[in-house]
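Coordinate analysis (summary)
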Amino acid sequence: MTDIRRRPGDGTGGLRTGTTTFEALREQAVALRREGLSRRQIRDRLHVHNNDILNRLLDGEPAPEWTKRPHAKDDLRAKARELRLRGLTYDQIQVELGCSKSSISLWVRDLPKPDRQRTPEESSAIARQGWERTLEVREQDRRETKRAATAEVGTLSERELFLIGVSLYWSEGSKDKAYDRRERVIFVNSDPGMVGVYLAWLRLLGVEEEHLRYAVTIHETADVAGAERFWAELTGAAPGQFLKTTLKRHNPTTVRKNTGEHYYGCLAVRVLQSAGLYRRIEGWWCGIVGAASQFDQPYRT
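In every chain, residue numbers begin from 1 and rise along the written sequence. Two thresholds apply to this predicted model, a pLDDT of at least 70 for residue-level local features and 80 or more for giving and counting side-chain atom pairs, whereas whole-chain, interface and lining totals are computed over all residues. Side-chain measures here rest on the full set of heavy atoms in the structure, leaving out hydrogens and waters.

So, about the layout of surface pockets. Left-over empty space is what a probe sized like a water molecule reveals as it rolls over the atoms. The volume enclosed by the largest pocket comes to roughly 1,200 Å³. Lining the largest pocket are 26 residues, and of these D44, H47, H49, E160 and L163 sit closest to its centre. Helix numbering and strand numbering both begin at the N terminus, where a helix is a DSSP run of H or I of at least 4 residues and a strand a DSSP run of E of at least 2. Residue assignment for the lining of the largest pocket shows that the elements contributing at least two residues are helix 2 (39–46), helix 7 (120–153), helix 8 (158–172) and helix 11 (275–292). Grid points spaced at 1 Å and placed over the protein atoms alone form the basis of the search, with a cavity being a set where a 1.4 Å probe fits but cannot get out and a pocket an open set showing protein on both sides within 12 Å along at least five of seven lines. Lining residues have an atom within 4 Å of a point. Grid points are joined across faces, edges and corners, and a volume is the space filled by probe spheres set on the points.

Here is the structure:
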């Protein structure tokens, strides 16, 4: 890892590295930026976790287009002012642009107010349309942010998958306690993506398929057979590897949100004869905690 330290009074802006000069590190950062990498990708590639230093390394280099937000506030402000001058109300501008009325108010409050000539029903209908448009724009922005974040990840190395799997298990897997010895590797989750990553991690560790057992837990009012088929297809496991499904009793007084065609309950993944593997997982997690301590510095305002 590159060891970057401050050193006042030199020509590099007070920065030196243990084995690499600031200028050489900047050349690498600029080259990666021009290849189209994001700040996060450059940070991880060069192991520079200080934002101030990263800012200096990338000074003057524009961000790639794919990392920029799709909606420019300046353009929205100019359009809002144009519509206001044409006599549109806040509600009507919200319908057109999809931004909040609080933002519109800040942008156009110095402009003259239009004459209001509509019924309360018309006002209510326009306000409802404006809110629906705002929600639509927010959803578009949400999808675009997720798409850009997905692109930042790229491919995974085996070591990255290894560390992800350890963290994933320690978050969602069973734990051994001094007062209750349970050195068994059991992972339970309802997210198909998390289950898929976990199974990829087990394959990376060399865990053989015949050592895996699966069990579905689901509410009795759900499509039990459909959920069993879903998890069987996702895991690719043989029918004999699935244990008896556990049904949760329905409580009529409880209003459940986890319903519908995409509710498949939870899947438990058990590794047989896994005491040794569990001990290694716990050791790996302790190693991650210890290694992360080098970044354990207080946040600065």
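This part is about the pairing of strand 3 (residues 185–189). Of all the five residues making up strand 3, four are buried; the element is thus mostly covered by neighbouring parts of the structure. For two strands to count as paired, DSSP must find a minimum of two bridges between them. For strand 3 and strand 6 (residues 266–271), the ladder comprises five bridges, and the chain directions are antiparallel. Its bridge partner being in strand 6, V188 is matched across the sheet by A268. The buried label applies to any residue whose accessible area, calculated with a 1.4 Å probe on protein chains only, is under 20% of its type's maximum; exposed applies above 50%, and partly exposed to all values in between.

What counts as an axis is a line fitted to C-alpha atoms, over the stretch in contact for a helix, and the angles between N-to-C directions run from 0 to 180 degrees. Two numbers describe how helix 5 (residues 90–97) lies on helix 6 (residues 101–108): the axes approach to 10 Å, and their chain directions differ by 110 degrees. Taken together, helix 5 and helix 6 sit at an angle that is classed as roughly perpendicular. Considering the relative orientation of helix 5 and helix 6, their crossing is right-handed. Along its contact with helix 5, which presents Y90, D91, I93 and Q94, the element helix 6 presents K101, I104, S105 and V108. Each residue gets one of three labels, nonpolar for Ala, Val, Leu, Ile, Met, Phe, Trp, Tyr, Cys and Pro, charged for Asp, Glu, Lys and Arg, and polar for the others, Gly among them. Of the residues in the contact of helix 5 with helix 6, the class split is four nonpolar, two polar and two charged. Roughly parallel means an angle under 35 degrees; roughly antiparallel means over 145; roughly perpendicular covers 65 to 115; every other angle is labelled oblique. Each crossing gets its hand from how the near helix is turned against the far one by less than a right angle, where anticlockwise is left-handed and clockwise is right-handed. Pairs of residues are marked as contacts when any of their non-hydrogen atoms sit within 4.5 Å.

The next subject is unusual backbone geometry. Positive phi values are uncommon outside glycine, yet H47 reaches one of about 60 degrees. As for its placement among the helices and strands, H47 is situated in the loop between helix 2 and helix 3 (51–57). Its identity is not glycine, yet Q273 carries a phi of approximately 50 degrees, on the positive side. As for its position among the elements, Q273 is in the loop between strand 6 and helix 11. Take Q273: its relative accessible area is 81%, and that puts it in the exposed class.

All right, on to the environment of I53 then. Inspection of the secondary structure assignment puts I53 in helix 3. Between the C-alpha atom of I53 and that of F22, which follows or precedes it by 31 residues, the distance is 9.4 Å.

Let's shift gears to helix 5. Looking at helix 5, one finds that the buried residues are D91, I93, Q94 and L97. Projected onto a plane normal to the axis of helix 5, the buried residues spread over an arc of 160 degrees and lie on a single side. When we speak of the arc, we mean the arc of directions from the helix axis to the C-beta atoms.

In this structure, Y198 and L202 are the most contacted members of the largest nonpolar core, which totals 30 residues. Mapped onto this core, the elements with two or more residues apiece are helix 8, strand 3, helix 9 (192–205), strand 4 (212–219), helix 10 (224–235), strand 6 and helix 11. The biggest single contributor to this core is helix 9, with five residues. Setting aside residues up to four positions removed in sequence, L202 forms contacts with V207, L212, V269 and V271. Side-chain atoms within 4.5 Å are what join buried Ala, Val, Leu, Ile, Met, Phe, Trp, Tyr and Cys residues into a set we call a nonpolar core.

Before going further, it helps to spend a moment on the pattern of salt bridges. Should a side-chain nitrogen of Lys or Arg be within 4 Å of a carboxyl oxygen of Asp or Glu, the pair is scored as a salt bridge. Per the stated rule, a full pass over the model turns up 13 salt bridges. With a closest N to O distance of 2.9 Å, E61 and R34 form a salt bridge. In this pair, E61 is assigned in the loop between helix 3 and helix 4 (73–85) and R34 in helix 1 (residues 22–34), connecting sequence segments 27 residues apart. On the basis of relative accessibility, which here comes to 17%, the residue E61 falls in the buried class. Between E139 and R142 there is a salt bridge whose closest N-O contact spans 2.4 Å. With E139 and R142 both in helix 7 and three residues apart, this pair spans about one turn of that helix. Classification of E139 by relative accessible area gives partly exposed; the value is 32%. Residues joined by salt bridges that share partners form a network here, namely K79, E82 and R86.

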